[in-house]
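Descriptive structure summary
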Amino acid sequence: MPAQLIDGTALSQKLRAEIASRAAALTAQGKQPGLAVILVGEDPASQVYVRNKVKACGDVGIHSVLEKYEADLTEAALLERIAALNADPAIHGILVQMPLPKHINPHKVIEAISTSKDVDGYSVLSAGEQMTGLDGFRPCTPYGCMKLIESTGYDLRGKHAVVIGRSNTVGKPMALLLLQANATVTICHSATPDLGLYTRQADVVVAAVGRRNTLTADMVKPGAIVIDVGMNRDDNGKLCGDVDFAAIREVAAHITPVPGGVGPMTITMLLMNTIESAER
Ligand code: NAP
């Protein structure tokens, strides 16, 4: 029997309805949640991303402020804006769209965001909070992957999860969230000699690599859950993930499609973090 699809679009809609009702409750108490989105420069992909984030806020009743600056904005001026937003009681989340122009140090900028408003969860302090089990914001993409796994009703306790990829924004925080859910976690990366050796033992595989067909059907244990974070293009220019979807669908029990799996969840979890911030 082919694997069941984990529908990220449907789950996103469900979660956004929940977010909208929590936003409405906060607004009724005079505390409308607010997200500030900062864009520096003219990067076309970034323009689309920030537009989508601002629109998503509007759809669920989160107040959003989009601040757009020319590419020659100085680092000092950007840090000054972040300090002002840190102090603004109407703003509960601050997001600086990456990449920044070369003359601005992204680390300095991320660290300038107050941990209580770091809804991307990228700062060293937020990562430290996650690492030590404090209540820090979970980075949006791994947080979304956890919700997708949770939606299958699968209990991760004592199961073996393999994460392929170890980036600071996806792979590492993903592994940490799986660990917090009591899975036994293996992290694989480009220096892992025999990826299949690990993935064949996995009850859950999360692929976050950025390379097509990294995971093929012979590398998957029958009945596994496969979460595909990758965003790549196939030979026809069509969006595809990191896993051989058609073949793995015949082996796995649950699988996320690309598009329509992890992708829609990322902005949804940004909205969720903003609500959680306002509720705190
Ligand atoms: P990244 O920073 O480039 O990290 C990729 C990771 O994959 C690295 O840790 C790398 O290992 C590992 N890797 C590369 N080749 C490998 C191989 N042959 N076998 C095993 N591991 C390998 O990328 P990222 O930011 O984590 O993103 C990963 C993918 O997810 C990309 O396609 C990205 O577009 C997508 N993404 C999607 C969303 C979404 O919302 N859907 C969000 C974020 C990212 P090393 O560390 O050893 O180099």
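This is a predicted model, so every value here is computed, not measured. (Residues numbered from 1 in each chain as written. Predicted model: local features only at pLDDT ≥ 70, side-chain atom pairs only at ≥ 80, totals over all residues. Heavy atoms only, no water.)

Helix and strand content of the chain: 10 helices and 11 strands. Computed over the C-alpha atoms, the radius of gyration of the chain is 19 Å, within 12% of the 19 Å expected from 2.2 N^0.38 for a compact globule of 280 residues. Projected onto its principal axes, the C-alpha coordinates of the chain cover approximately 55 × 40 × 40 Å. Put simply, the chain has 280 residues, and 48% of those count as buried. Sequence-distant contacts, at least 24 apart, represent 70% of the contacts inside the chain between residues at least 6 apart. Here the chain displays about 13000 Å² of accessible surface, and carbon together with sulfur accounts for 55% of that area. A gap of 3 Å separates the mean positions of the 26 positive and 29 negative side-chain charges of the chain. (Helix = DSSP H or I, 4+ residues; strand = E, 2+ residues; numbered from the N terminus. Rg over C-alpha atoms; globule rule 2.2 N^0.38 Å. Buried < 20%, exposed > 50% of the residue type's maximum accessible area, 1.4 Å probe, protein only. Contact = heavy atoms within 4.5 Å. Areas by Shrake-Rupley, 256 points an atom, 1.4 Å probe, with all protein chains shown as cover. Lys, Arg positive; Asp, Glu negative; His and termini not counted. Charge placed at Lys NZ, Arg CZ, Asp CG, Glu CD.)

What follows is about the site of the ligand. Not every one of the 20 residues close to the ligand is listed here, only the nearest: Arg-166, Ser-167, Ser-190, Met-231 and Thr-266. Backbone polar atom of Met-231 to an oxygen atom of the ligand: 3.0 Å apart, as the coordinates give it. When the ligand is considered free in solution it has 930 Å² of accessible area, and contact with the protein chains removes 69% of it. In terms of residue class, the shell around the ligand is built from 7 nonpolar, 11 polar and 2 charged. (Near = heavy atom within 4 Å. Polar contact = N/O pair within 3.5 Å; in protein donor to acceptor, adjacent residues only side chain to side chain. Nonpolar A, V, L, I, M, F, W, Y, C, P; charged D, E, K, R; others polar.)

Further remarks concern helix 3 (residues 75–86). Here helix 3 contains 12 residues, and its C-alpha end-to-end distance of 16 Å stays within 8% of the 16 Å for a straight helix at 1.5 Å per residue. Of all the residues in helix 3, the buried ones are Glu-75, Leu-78, Ile-82 and Leu-85. Each buried residue of helix 3 lies within a common arc of 85° when the element is viewed along its axis, so the set occupies one face. Projecting away from the buried face of helix 3 at angles above 90 degrees are the exposed residues Ala-76 and Glu-80. Its buried side turned inward, helix 3 meets strand 2 (34–40), strand 3 (63–69), strand 4 (93–96) and helix 4 (106–112). (Expected span 1.5 Å × (residues − 1). Arc of directions from axis to C-beta.)

Under the domain assignment, the chain is made up of domain 1 (30–115) and domain 2 (139–264). Spacing between the C-alpha centres of domain 1 and domain 2 amounts to 30 Å. (Domains from an automatic or database assignment.)

Moving on, we get to the environment of Arg-249. Structurally, Arg-249 is set in the loop between helix 9 (245–248) and strand 11 (254–255). Arg-249 sits in the partly exposed class, given a relative accessible area of 27%. The spacing of Arg-249 and Ala-77 is 172 residues in sequence and 50 Å in space, taken between C-alpha atoms. For Arg-249, the contacting residues outside a window of four places in its chain are Met-1, Pro-2, Ala-3, Leu-5 and Ile-255.

Right, let's talk about the pairing of strand 5 (residues 160–164) for a bit. Put simply, side chains in a regular strand alternate between the two faces of the sheet. Strand 5 sits mainly inside the fold: 5 of its 5 residues count as buried. Side chains His-160, Val-162 and Ile-164 of strand 5 all project onto a buried face; the interleaved residues Ala-161 and Val-163 project onto the opposite face, where all are buried too. As paired strands, strand 5 and strand 6 (residues 184–188) are joined by 5 bridges and run parallel to one another. From the neighbouring strand, Ile-164 faces strand 6, where its bridge partner is Cys-188. Handedness of the crossover joining strand 5 and strand 6 through helix 7 (residues 171–180): right-handed. Across 4 bridges, strand 5 lies against strand 7 (residues 204–207) in parallel orientation. Each bridged residue has a counterpart across the sheet, and for Val-163 the counterpart in strand 7 is Val-206. (Pairing = 2+ DSSP bridges. Right-handed = clockwise from strand over helix to strand, strands pointing away.)

Moving on to the sheet that holds strand 7. Reading across the sheet, the 6 strands line up as 1-11-8-7-5-6 and stay open at both edges, with parallel pairing between neighbours. Looking at the sheet topology across the chains shown, the edges are occupied by strand 1 (4–5) and strand 6. Along the sheet, helix 7 contacts strand 5, strand 6 and strand 7; its crossing angle with strand 5, the most-contacted strand, is approximately 170°. (Axes fitted to C-alpha atoms, helices over the stretch in contact; angles between N-to-C directions.)

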